[in-house]
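Examination of the molecular architecture
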Amino acid sequence: MQLPSRSLSFLIRFLVFITGVAMLFSCGPANPTGDDTPIPPVTPSVTPEAPPTMNYLIPKPQFVQPEPGGFSLTAASGIHVQSGNEEIAAIGRYLAEKLKPATGFDLAVLPAGGAPGTGNIYITTEGGDPALGEEGYTLAVTPDLIALVAYMPAGLFRGIQTLRQLLPAPIEQSTVQPGPWVVPAGVIRDQPRFSWRGAMLDVARHFFGVADVKAFLDEMAYYKLNRFHLHLSDDQGWRIEIKSWPNLTAVGGATSVGGDPGGFYTQEQYAEIVAYAQSRYITVIPEIEMPGHTNAALASYAELNCDDVARPPHTELEVGFSTLCVEKDITYQFVDDVIREVAAITPGPYLHIGGDEVQTLGAEEYNAFVQKAQSTVNKYGKRMIGWDEIGRIDLLPLTIVQYWNGPLAVEAAHKGAKMIMSPASRAYLDQKYNPSTELGLYWAGYVEVQESYSWDPATQLDGVSEGQILGVEAPLWTETIRTRAEIEYMVFPRLIGIAEIGWSNAAGREWSEYRIRLAEHGPRLAAWNLNYYRSPQVPWK
Ligand code: TNX
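I will try to describe carefully the structure that is included in this document. (Residues numbered from 1 in each chain as written. Predicted model: local features only at pLDDT ≥ 70, side-chain atom pairs only at ≥ 80, totals over all residues. Heavy atoms only, no water.)

**Concerning the side chain of Ser422**
Going by this rule: Secondary structure elements follow DSSP: runs of H or I no shorter than four residues count as helices, runs of E no shorter than two count as strands, and numbering proceeds from the N terminus. Per-residue accessibility, obtained with a 1.4 Å probe over protein chains only, is compared with the maximum for each type, and a residue is labelled buried under 20%, exposed over 50%, and partly exposed between these values. The contact rule is simple, with two residues in contact once any of their heavy atoms fall within 4.5 Å.
Its location among the elements puts Ser422 in the loop between β16 (418-421) and α12 (424-427). The exposure class assigned to Ser422 is buried, which follows from its relative accessible area of 0%. Sequence-distant contacts of Ser422, that is, excluding residues within four places in its chain, are made with Gln402, Tyr403, Trp404, Ala427, Tyr428, Glu473 and Pro475.

**Focus on the sheet that holds strand β15 (residues 400-403)**
Condition: Pairing between two strands is assigned when DSSP locates at least 2 bridges connecting them. Axis angles are defined between N-to-C directions and span 0 to 180 degrees, where every axis is a line fitted to C-alpha atoms and, for a helix, only to the segment in contact.
One closed barrel accounts for eight strands, arranged β8-β9-β12-β13-β14-β15-β16-β17; its pairing is parallel. Going across the sheet, the axis of each strand differs from the next one's by a mean of 30°, ignoring polarity. Strand direction decides the pairing type here: strand β13 (residues 350-354) and strand β14 (residues 383-387), joined by three bridges, are parallel. For Leu351, the partnering residue across the bridge sits in β14 and is Met384.

**A few points about the site of the ligand**
What counts is decided by this rule: Here, proximity means that at least one heavy atom of the residue falls within 4 Å of the molecule or strand. Any N or O atom pair separated by 3.5 Å or less is treated as a polar contact, with the protein-specific requirement of one donor-capable and one acceptor-capable atom, and with residues adjacent in sequence counted only for side-chain atom pairs.
In the region of the ligand, 13 residues are neighbours, and Arg205, Tyr428, Asp430, Trp443 and Glu479 sit closest. Taking Asp356, its side chain carries an N or O atom lying 3.0 Å from a nitrogen atom of the ligand. Between Gln431 and the ligand, the recorded distance is 3.5 Å, taken from a side-chain N or O atom to an oxygen atom.

**Here's the deal with the environment of Gln402**
Among the secondary structure elements, Gln402 is positioned in strand β15. Residues Gln402 and Ile385, 17 residues apart in the sequence, show an inter-C-alpha distance of 6.9 Å. A distance of 2.8 Å separates polar atoms of two side chains, one belonging to Gln402 and the other to His352. In this structure the side chain of Gln402 is engaged in a polar contact, spanning 3.0 Å, whose partner is the side chain of Ser422.

**Comments concerning the packing of aromatic side chains**
The condition is simple: Pairing of aromatic rings covers Phe, Tyr and Trp, the last through its six-membered ring, and needs centres within 6.5 Å; plane angles under 30 degrees mean stacked, over 60 mean edge-to-face, and all others mean tilted.
The tally for this structure, following the rule as stated, stands at 23 aromatic pairs. Between Phe207 and Tyr265, the ring centres sit 4.8 Å apart and the planes meet at 50°, which makes this aromatic pair tilted. In this pair, Phe207 is assigned in the loop between β8 (196-202) and α5 (210-222) and Tyr265 in the loop between α6 (247-250) and α7 (267-278), connecting sequence segments 58 residues apart. For Tyr265, a relative accessible area of 0% puts it in the buried group. Between Trp511 and Tyr514 the ring centres are 6.1 Å apart and the planes differ by 45°, which places this aromatic pair in the tilted class. Pair noted here: Trp511 and Tyr514 are both in helix α16 (residues 511-527), with a separation of three residues, about one helical turn. Judged by its relative accessible area of 12%, Trp511 is buried. A relative accessible area of 1% places Tyr514 in the buried class.

**What about α5?**
Let me state the cut-off plainly: Under the convention used throughout, the expected extent of a helix is 1.5 Å for every residue step, that is, one less than its residue count.
The end-to-end C-alpha separation of α5 is 19 Å, in line with the 18 Å expected for 13 residues at 1.5 Å each. Among all positions of α5, only Val210, Val213, Ala215, Phe216, Leu217, Glu219, Met220, Ala221 and Tyr222 are buried. Lys224, located one to two residues past α5, shows a positive phi value of around 65°.

**Focus: the packing of α5 against helix α14 (residues 484-491)**
Quick note on the threshold: The scheme is simple: roughly parallel for angles under 35 degrees, roughly antiparallel for over 145, roughly perpendicular for 65 to 115, oblique for anything else. In this scheme, a crossing is called left-handed if the near helix is turned counterclockwise away from the far one by less than a right angle; it is called right-handed if the turn is clockwise. Amino acids outside the nonpolar list (Ala, Val, Leu, Ile, Met, Phe, Trp, Tyr, Cys, Pro) and the charged list (Asp, Glu, Lys, Arg) are all regarded as polar, and Gly is one of them.
For the pair α5 and α14, interaxial distance at closest approach is 11 Å and the crossing angle is 25°. Taken together, the axes of α5 and α14 are roughly parallel relative to one another. The two elements α5 and α14 cross, and the hand of that crossing is right-handed. Between α5, through Ala211, Asp212, Ala215, Phe216 and Glu219, and α14, the contact on the second element is made entirely by Arg484, Ile487, Glu488 and Val491. Taken together, the residues of the contact of α5 with α14 sort by class into five nonpolar, no polar and four charged.

What follows is the structure, encoded as structure tokens:
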């Protein structure tokens, strides 16, 4: 049976805005059309009990209205996607792919001519409320139908993560599980607090290949993160092919911290990462450090040094000693070439130039250099981002400052710059959890799961208000991190809390409640074989 889509959007508005909906459902089967059209009975006639998953969503949605009963997903359920829209069809296929391993169901993805009949999933932007913005969605689950409606496809993708979390935890297993696969009934209306919800991976100190990055992106997507910052160059390694300066990877790409093996992405591999991220509605932000943190470049090309002598490779942890030669024209040719090539393979609007920890330049030299880099980034059509230290220069109106540790970012905020909040003492994923954590550093203090969750971006810094803050980002620096399992240990579960800080309202966000919800995610992380840190602060399942 086909329901006209106008009736569906009526249903959703009805569910969201009218009170007393619970009664409607508790008095017998609901008729989703709101008219008198008969609907076939639900099979099986006794719905297995719905799991309490609505209470365990992370990030916590803005509005949740539970209803009695649930929707049973069966092998006969279809995923009906708005017809004539390939982007939404791809989102439907993504959902089918995520549900297949544990259910064993090969769910059909079908073009919908309006809302489908009983037992199906419907995914559409038709009737989507513009007030939901780019990433908001409404998920209405009745015993008959799952209707996911958003204003934009990104909202549908975020809503699918909610749907995955509403299913019982075994849905994340990679082999067929017994089920049943019941989604609790109710209405969720949700949208993010901040537009910037990010994670950073340092592939310069240790290199991680495309497969590791894709796994990281999948984990980010599950928690509705939308910015992936790739730290592509540093003293110890250069990780992105630059066709006009091939030694950057031939020489600079060969090293890592501690003499470990190097590596780099070809431009094609980088494009593969960008496309994979895009398919998960994640924007990639490439970072090329300058003028400091550049020993790998200085080792690759003698002419980038003021004394024309190539530097030896640097595989120790020490920072702050290196700088491009800011007096030479060739340096600005280098900066132009690198930014041009990286901008050309980066569809997102941002390019990060680092700019931190330069101990070997005077303030004037530093300022003049960063000012020029800013013009170059702009010339190639991107918005520049830099760490705290760029707060010293005259910033263009669209330039963004990433706060990590110092007062200079606050200075930038006073000049009107927008900010990304990555306070080291809260958001740094490379800081040890406690004194017995073997991996990681501890210069910003130990960051247990509670510390990384219990803060608010809008009140973290005196004199910086919510309106200036784009959002949050958690960086993983990899001086001590060599393997995917080690990444997982430092990132999880802390990144999950950062994702909630970025998405959910500050009001009502409480560690004592969050830790219970987080515990429920343990079996999901375990189903992915994720090597997460079993913090004693969390009552893990
Ligand atoms: C500081 S954060 C750095 C990085 C290090 C990190 C280690 C920032 C802008 N600079 O170069 O990897 O500390 O925690």
